[in-house]
Amino acid sequence: THTHTHTRPHTHAHTLTRSHTRTIAHYRTLSHTHSHASMKIVYSIPDRWRTLFLIFATLQIIAMIAISSTVLSTLGCKSTEDHDVCVRENKATTAFTISMILISVAMLFFVVAGVLFEQKWRIIFFVISAALVFVYALYSYVRKLNEDGKDDERLVRMVVAAVCLPLDCIFSYFIVSDMNWLAYHVAGSDAEKIRAFNWYSRFRSFMDIDVMLAITLVVLAAYSSKEFKFTTTQLVLSILGIVASIVWIICGTIASRRESRVFMYFFYLISTLEPMYLFYKFNTISVNWSNLKGDETTIPILTMGIIAVLLRIFIAVCAVIVHRNFGLGLKQGFNTIKVDNQTYGSFGSD
């Protein structure tokens, strides 16, 4: 295994808008030789500002997970409360809090992968996720305040989310404004290849947000029954849904990076599973509407389900465009990245 460190060069002004005014991050390759090909990972070694952003985001996410876990541990029913009402409210709080923890974990992935692999959409999804966390933290605190007084854990979570969100937006704006190195060295100055690379980046990044949304829906759907427990059907569907999402994103990644038509056709096939499950869930909700309309998870499931279907359609469109762009040279661009006349191997991870 060999490790090389290079300095990222300046590129054309029309391609990089800010790189010539600030310190350029370094790039390093890690190679591992296989029987048929040598796989190398090209990643950005963050400069001072990107490192600061990563540290800030990581601490923020750890704090949100810790506070949300504390909220879960404090759930319980007082002897003077209506037990059925209390269980129903705790069920919804549990579902939403677990979803917030999962979203926080996804945020960590988005910010780390976005910075290290210069994926703008992942940074954007990090900000969107941070906004969702703040909205829920605010809603949860206000709701608890109106019911039985203030809650210290919910108050701290809301304050942390409120303080961090503007800083996340500011950091992300400047980080995203200086992310063009990989695109330039893969696609060069060829306008068609640049468009193809942009569609590839959208396709890969939107698959990530789709998986996050799918797992969140699984959690909400698991707690959508009137009883506070998993049924066998829910458990099986939840496991199959998560497995299908993992297989789906693996197939899409391999298909787009290696320009494999076989994996792309398989990706198209698997893409239909989530919409079919969602339509099944929509039908279940409509049949049991009289019992579920008062459940706090029902409207979020319907809303997120509709978004998930629309998102899956958009990803399918991206996949078709990426498929049509096979043969334009992106595969070769990933496999031979040159910096100062030195050749990088295949970009084995993005």
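What you see is a predicted model; the values in this text were computed from it and never measured.

(A) Looking closely at the overall build of the chain. Each helix and strand counted, the chain has twelve helices and six strands in total. On the chain, roughly 17500 Å² of surface is accessible, and the fraction owed to carbon and sulfur atoms is 65%.

(B) Inspection of the packing of helix H8 (residues 261–270) against helix H11 (residues 298–324) at higher detail. At a closest axis distance of 11 Å, the pairing of H8 and H11 adopts a crossing angle of 165°. Considering the angle they form, H8 stands roughly antiparallel to H11. Here H8 and H11 pass one another in a crossing that is left-handed. On the side of H8, the interface is formed by Arg 261, Met 264, Tyr 265, Phe 267, Tyr 268 and Ile 270, while H11 contributes Arg 312, Ile 315, Ala 319, Val 320, Val 322 and His 323. Looking at side-chain class alone, the contact of H8 with H11 contains nine nonpolar, one polar and two charged residues.

(C) Up close: the packing of aromatic side chains. Counting across every chain of the model gives 19 aromatic pairs. For the ring pair Phe 206 and Phe 314, a centre distance of 4.9 Å and an interplane angle of 65° mean the geometry is edge-to-face. Here Phe 206, found in helix H6 (residues 191–222), pairs with Phe 314, found in helix H11; they are 108 residues apart in sequence, far enough to count as distant. Residue classification places Phe 314 among the partly exposed positions, given a relative accessible area of 30%. With a centroid separation of 6.2 Å and 70° between ring planes, the pair formed by Phe 279 and Phe 282 is classed as edge-to-face. Taken as a pair, Phe 279 and Phe 282 lie in helix H9 (residues 273–287) at a separation of three residues, close to a single helical turn. The structure contains a cluster of three or more aromatic residues connected by ring pairs, namely Phe 109, Phe 110, Trp 121, Phe 125, Phe 206 and Phe 314. In this arrangement the basic side chain of Arg 202 is found over the ring face of Trp 199, its NZ or CZ atom lying 4.6 Å from the centre.

(D) Representation of the confidence of the model for the chain within the structure. For the chain, mean pLDDT is 76; residues scoring 70 or higher make up 73% of the total. Per-residue pLDDT stays below 50 along residues 1–40; that stretch engages in 94 contacts with residues further than four places along the chain or on separate chains. A low-confidence stretch, residues 339–350 stays under pLDDT 50, and its non-local contacts, those more than four residues away or across chains, total 50 contacts.

(E) Here's a closer look at the packing of H9 against H11. Their axes nearest at 10 Å, the elements H9 and H11 cross at an angle of 150°. Taken as axis vectors, H9 and H11 run roughly antiparallel relative to one another. Considering only the axes of H9 and H11, their crossing is left-handed. Contact residues: H9 offers Glu 274, Pro 275, Leu 278, Lys 281, Phe 282 and Ile 285, while H11 offers Thr 298, Ile 301, Leu 302, Gly 305, Ile 306, Ala 308, Val 309 and Arg 312. Each residue belonging to the contact of H9 with H11 can be placed in one class, and the counts come to nine nonpolar, two polar and three charged.

(F) Structural view of the environment of Phe 110. Take Phe 110: it is sitting in helix H2 (residues 83–116). Judged by relative accessible area, which is 1%, Phe 110 ranks as buried. The residues contacting Phe 110, other than those within four sequence positions of it, are Arg 122, Ile 123, Phe 125, Phe 126, Ser 129, Asp 208, Ile 209 and Met 212.

The rules behind the values
- Residues numbered from 1 in each chain as written.
- Predicted model: local features only at pLDDT ≥ 70, side-chain atom pairs only at ≥ 80, totals over all residues.
- Heavy atoms only, no water.
- Helix = DSSP H or I, 4+ residues; strand = E, 2+ residues; numbered from the N terminus.
- Areas by Shrake-Rupley, 256 points an atom, 1.4 Å probe, with all protein chains shown as cover.
- Axes fitted to C-alpha atoms, helices over the stretch in contact; angles between N-to-C directions.
- Parallel < 35°, antiparallel > 145°, perpendicular 65-115°, else oblique.
- Left-handed = near helix turned anticlockwise from the far one by under 90°.
- Contact = heavy atoms within 4.5 Å.
- Nonpolar A, V, L, I, M, F, W, Y, C, P; charged D, E, K, R; others polar.
- Phe/Tyr/Trp six-rings, centres within 6.5 Å; stacked < 30°, edge-to-face > 60°.
- Buried < 20%, exposed > 50% of the residue type's maximum accessible area, 1.4 Å probe, protein only.
- Lys NZ or Arg CZ within 6 Å of the ring centre and 35° of its normal.
- pLDDT = per-residue confidence, 0-100.

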